[in-house]
Amino acid sequence: QMQLVESGGGLVQAGDSLRLSCAASGRTFNSYTMCWFRQAPGKEREFVTGIVWNGGYTRYADSVKGRFTISRDNAKNTVYLQMNSLKPEDTAVYYCAADSTNYRVSTNSHAYEVWGQGTQVTVSS
């Protein structure tokens with residue numbers, strides 16, 4: 001079973017940047033679609049962005065388009081989330097997740113079989 005571990009969260013000011021990483025164990029990382037979801041206090045978990053197995057397709061929520069970039073390094077079993085121009089409304093716990101249906105990026109959290117423990121991102125105004 002794949003395991004996912006996120007890192008890189010922290011407290012930043014509005015307008016700053018952060019890069020999150022999600023390291024996967026196991027040798028099948030490159031057969032999964034990977035994505036990032038986030039959950040703010042009192043809100044439902046929401047899709048942020050995803051990338052198919054070979055990086056050939058990415059998908060973004062409208063709220064982060066132009067500010068966030070997802071990428072993956074299959075040799076390092078790692079997916080990244082570069083977050084620029086952060087806003088207070090980006091404050092949330094960020095989770096990475098894996099979907100074995102690797103040719104699509106679903107925005108539905110139920111499609112994802114493996115989840116990390118999450119990393120907190122806090123953006124102050």
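Anyway, here's the lowdown on the structure attached to this text. (Residues numbered from 1 in each chain as written. Predicted model: local features only at pLDDT ≥ 70, side-chain atom pairs only at ≥ 80, totals over all residues. Heavy atoms only, no water.)

As a rule of thumb, nonpolar side chains are buried together in soluble globular proteins. Counting residues in each nonpolar core, the largest one holds 37 residues, and the members touching the most others are Leu 4, Met 34, Trp 36, Met 83 and Tyr 94. Counting residues per element, this core draws most heavily on strand E9 (residues 92-99), which supplies 5 residues. The contacts of Met 83, once residues within four sequence positions are left out, are Asp 16, Ser 17, Leu 18, Leu 20, Arg 67, Phe 68, Tyr 94 and Val 121. (Core = buried A, V, L, I, M, F, W, Y, C linked by side-chain atoms within 4.5 Å. Buried < 20%, exposed > 50% of the residue type's maximum accessible area, 1.4 Å probe, protein only. Helix = DSSP H or I, 4+ residues; strand = E, 2+ residues; numbered from the N terminus. Contact = heavy atoms within 4.5 Å.)

Within the secondary structure, Asp 62 is located in the loop between strand E6 (58-60) and strand E7 (68-73). Residue classification places Asp 62 among the exposed residues on the basis of a relative accessible area of 65%. Taking the C-alpha atoms as reference points, Asp 62 and Thr 49, separated by 13 residues in sequence, lie 9.6 Å from one another. In this structure the side chain of Asp 62 is engaged in a polar contact, spanning 3.2 Å, whose partner is the side chain of Lys 65. (Polar contact = N/O pair within 3.5 Å; in protein donor to acceptor, adjacent residues only side chain to side chain.)

Along the chain, the position of Thr 119 falls in strand E11 (residues 119-124). One polar contact links the side chain of Thr 119 to the main-chain amide nitrogen of Gly 9, over a distance of 3.2 Å. Among all residues touching Thr 119, those that are not within four sequence positions of it are Glu 6, Ser 7, Gly 8, Gly 9, Leu 20, Ala 92, Val 93 and Tyr 94.

Purely geometric numbers; function is a separate question.
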